[in-house]
Amino acid sequence: MSDGAHRDSARTDRPPRPSERRRRLDPTATAVWAGAASAAISVAFNVLSIQAEGLTGTELERIKNLAIILAIPAFGVTTAILWARLSRSPTRITALVDAPPTHRPRPTTLLFITALALNLLGACSGMVALFQPQLLDVFDPPCEDPIELTVAVPQEGAAGFTDVVAEFADDQLDEHGCRTVSVTALPLSWQEVEDAFADDWQGRMRLSLGIRPDVWIAESAAQIDYAGSLMDDDAPLAGEPVPIGTTPLVLAVPQDIESLHTAAETAFASLMQPDDNAVVRADPEQSLTALYHLSWLYELNANDADIEEAITSGLESNGIGKVGDTALLCQLYHRDAATTAVLTTERAVAVYNEEEMGSDCSQTDRPDTQLDALYPIEDVHLDYSALHLGWPDPEGADPAVEADRDRAAEDFIDWLTAPDGQASLADTGIRTDAAETLLARAGGVNTDAAQEAHVLDSGALPGLEARFSEARMPVQVLLAVDNSAAMSQAVGTGQAEDGEDRTLADVALAGAQAALDEFEDDDEFGVWSFPTGEGDPEPDRLLEIGPADEVHRTQAVTTLAALTPEGDTPLYHTIAEGVSVLEGADDERTQPVMVVITGGEDDDPAHDTGVEALTARLNEAGVRLYVVTVAGATCETTGLDEVAEASLGRCESVQAGSLEATFAGVFDEIWGGDDA
């Protein structure tokens, strides 16, 4: 062999240099690592699609599709490499696996194996993404729809009772961790309880409150009995109430006023005297707590009317209108009423002092003025009771579902009396059988007091309402009805008596007529409309203020029925004029009130009365303003929410269909009692 041939043979047979070997492996390595990167991203997208929260269905579907697409290169590379390796030398793979422990694969081999593993993982990721719904059904079966349960809870302390309801729902899980019961809390004021059950939870109250509750946590067993007496058919309340806890009534006095730290009866008598201290109480029309307080207040050596006058004076001096018990305490908190005592419950004092009012009141810290509870000798308690309401099944309802709902309701009541439920209720501040309670750590209360619980009979409630109605201060009401062109707007609530489409003016007339029936013999009222007519922006004084006798009422109805809507809306000017008239009455034994119903915003070009001036005027006038706005007008757009609040009244924006019901509620608040 020649030297040249020998050199050619040597050049051909020598092993390739490392650089040459790397160049030959580059295309394969590149493909492997590209597939590995694609696989890693596919796995990430797949995990995201399984664990993600808050994404829409479309977004999840896109993520899953990306995981599948990115898995395709990984699958292709893995298949190609395995095929190439096995077809060329199947023993290479097995030799690597079966190598003795002393054998250490080269770094390039380890990297290749790692990349291959990532590609295999990516291929698997694509399969998981492709069959994700089926796999989830196997390993994480979907939850069935839970049973829907509605629980009526007291408005007073609603935040705490809502937490109790939620805690029960959180405990209702099956073996897969699925919730079996979904519970909604429905807070109800005393007034709403009366109205709802008197209406058999039908009509306007059904529209206002929504679905009928399955369970009722009532503030007392007497409340349940009384609600049943209001119904045409009391079958839904025929069950036996289950006692779940109590709280005594108290007179809560500021800790820093030492002179008031005496017997509750003595302290209240002192608070009735005209000095720097005041006493307040919720509206008995809205709060069962306030109504129960009458059972011992009206037995004191004082006139009922004098008691109510002292309480009204205390509310006015603190700038507080007629509200429920929780709202009353919240307003005292934000006003830091350091010289004001409040008639409330032990439960309310505990949550107030411990900054535990929750969503009922935005407490940012413990109150600067802590309250101490004084316990009246009568030891009157609210005896909280739970009742499974036996409503007939809705038409077309599934009997099996309703049976499950009934079982869930019974389970909830059983839970309330069990240790877990009692502990949860104790966190709301009521007395239960639980060992650890909010009362044990709260300041200002004495759980050793009022041990002999005195609960009222349902027969006592109508009598207390009647006495309160008699004791209240008579009212002097000026009713001002918008008669501008805005009131000619048709509403979808039926037809008027003449067969024409019903207008806002027709609805206002019906609401005013219903209100006139609420007056007592010692009340007085007058009626205005505004404007007087086209081109005359002054209010039309249809009926001067006079006794609320039958003659006066008939004249009012006849006069209102003859109105024809026209002209602009001198809203602010009419209110200012009405306040001046009521101020001029100067009768300390009556409550001056102006009630306005309007369907339009102020567009009076003849007067420059503005919201700021009107607010300042009512803030000093001593006249309470109630406004009902309908149609396009709202309390916010007219600015009347601020104006009414300054007068300790309120403004309500309603739809035309619920105007009459709202009118009834406004006048219930004005009189603050039931004419039963």
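Refer to the preceding data block for the structure.
The text that follows walks through the structure, step by step, so that each part is easy to find. Note that the coordinates shown come from a computational prediction; the quantities given were computed from them, not determined experimentally.

At a minimum axis separation of 8 Å, helix H13 (residues 304-317) and helix H19 (residues 460-471) run at an interaxial angle of 75 degrees. One way to sum up the angle between H13 and H19 is to call them roughly perpendicular. Mapping the contact onto sequence places Asp-304, Ala-305 and Glu-308 in H13 and Arg-467, Phe-468 and Ala-471 in H19. Of the residues in the contact of H13 with H19, the class split is 3 nonpolar, no polar and 3 charged.

One finds Phe-197, Trp-216, Leu-251, Phe-268, Tyr-292, Phe-412 and Leu-416 to be the most contacted residues of the largest nonpolar core, which totals 107 residues. The biggest single contributor to this core is helix H12 (residues 288-297), with 7 residues. If near-sequence neighbours (up to four positions away) are discounted, Phe-197 is found in contact with Trp-216, Ala-227, Leu-230, Met-231, Leu-237 and Trp-391. With 26 residues, the next largest nonpolar core counts Met-487, Phe-519, Val-593 and Val-628 among its residues.

Moving on, we get to the pattern of salt bridges. Taken as a whole and judged by the stated rule, the model has 11 salt bridges. Residue Glu-652 pairs with Arg-650 through a salt bridge whose shortest N-O separation is 2.2 Å. With relative accessibility at 27%, the residue Glu-652 sits in the partly exposed group. Among the ionic contacts, a cluster of salt bridges with common partners joins Glu-299, Asp-304 and Arg-467.

The next thing to look at is the environment of Glu-308. With respect to the helices and strands, Glu-308 occurs in helix H13. Between the C-alpha atom of Glu-308 and that of Ala-471, which follows or precedes it by 163 residues, the distance is 6.6 Å. In contact with Glu-308, other than residues within four places in its own chain, are Arg-281, Leu-294, Tyr-298, Phe-468 and Ala-471. Reaching out from Glu-308, the side chain makes a polar contact with the side chain of Arg-281 at a distance of 2.8 Å.

This part takes up the pairing of strand E4 (residues 242-254). Side-chain positions along a regular strand alternate between the two faces of the sheet. Burial runs high along E4: 10 of the 13 residues are buried. With 4 bridges connecting them, E4 and strand E6 (residues 340-345) associate as antiparallel partners. Across the sheet, Val-250 pairs through a bridge with Thr-344, a residue of E6. Strand direction decides the pairing type here: E4 and strand E7 (residues 371-374), joined by 4 bridges, are antiparallel. Note that in E7 the partner of Val-253 across the bridge is Asp-372.

As a further point, take the sheet that holds strand E15 (residues 624-629). One open sheet accounts for 6 strands, arranged E13-E12-E9-E14-E15-E16; its pairing is mixed. Each end of this open sheet is capped by a strand with a single partner; those strands are strand E13 (540-547) and strand E16 (650-653). In this sheet, adjacent strand axes meet at a mean angle of 10 degrees when their direction is disregarded. Note that strand E14 (residues 591-598) and E15 share 6 bridges and pair parallel.

Cut-offs used in this document
- Residues numbered from 1 in each chain as written.
- Predicted model: local features only at pLDDT ≥ 70, side-chain atom pairs only at ≥ 80, totals over all residues.
- Heavy atoms only, no water.
- Axes fitted to C-alpha atoms, helices over the stretch in contact; angles between N-to-C directions.
- Helix = DSSP H or I, 4+ residues; strand = E, 2+ residues; numbered from the N terminus.
- Parallel < 35°, antiparallel > 145°, perpendicular 65-115°, else oblique.
- Contact = heavy atoms within 4.5 Å.
- Nonpolar A, V, L, I, M, F, W, Y, C, P; charged D, E, K, R; others polar.
- Core = buried A, V, L, I, M, F, W, Y, C linked by side-chain atoms within 4.5 Å.
- Buried < 20%, exposed > 50% of the residue type's maximum accessible area, 1.4 Å probe, protein only.
- Salt bridge = Lys/Arg side-chain N within 4 Å of Asp/Glu carboxyl O.
- Polar contact = N/O pair within 3.5 Å; in protein donor to acceptor, adjacent residues only side chain to side chain.
- Pairing = 2+ DSSP bridges.

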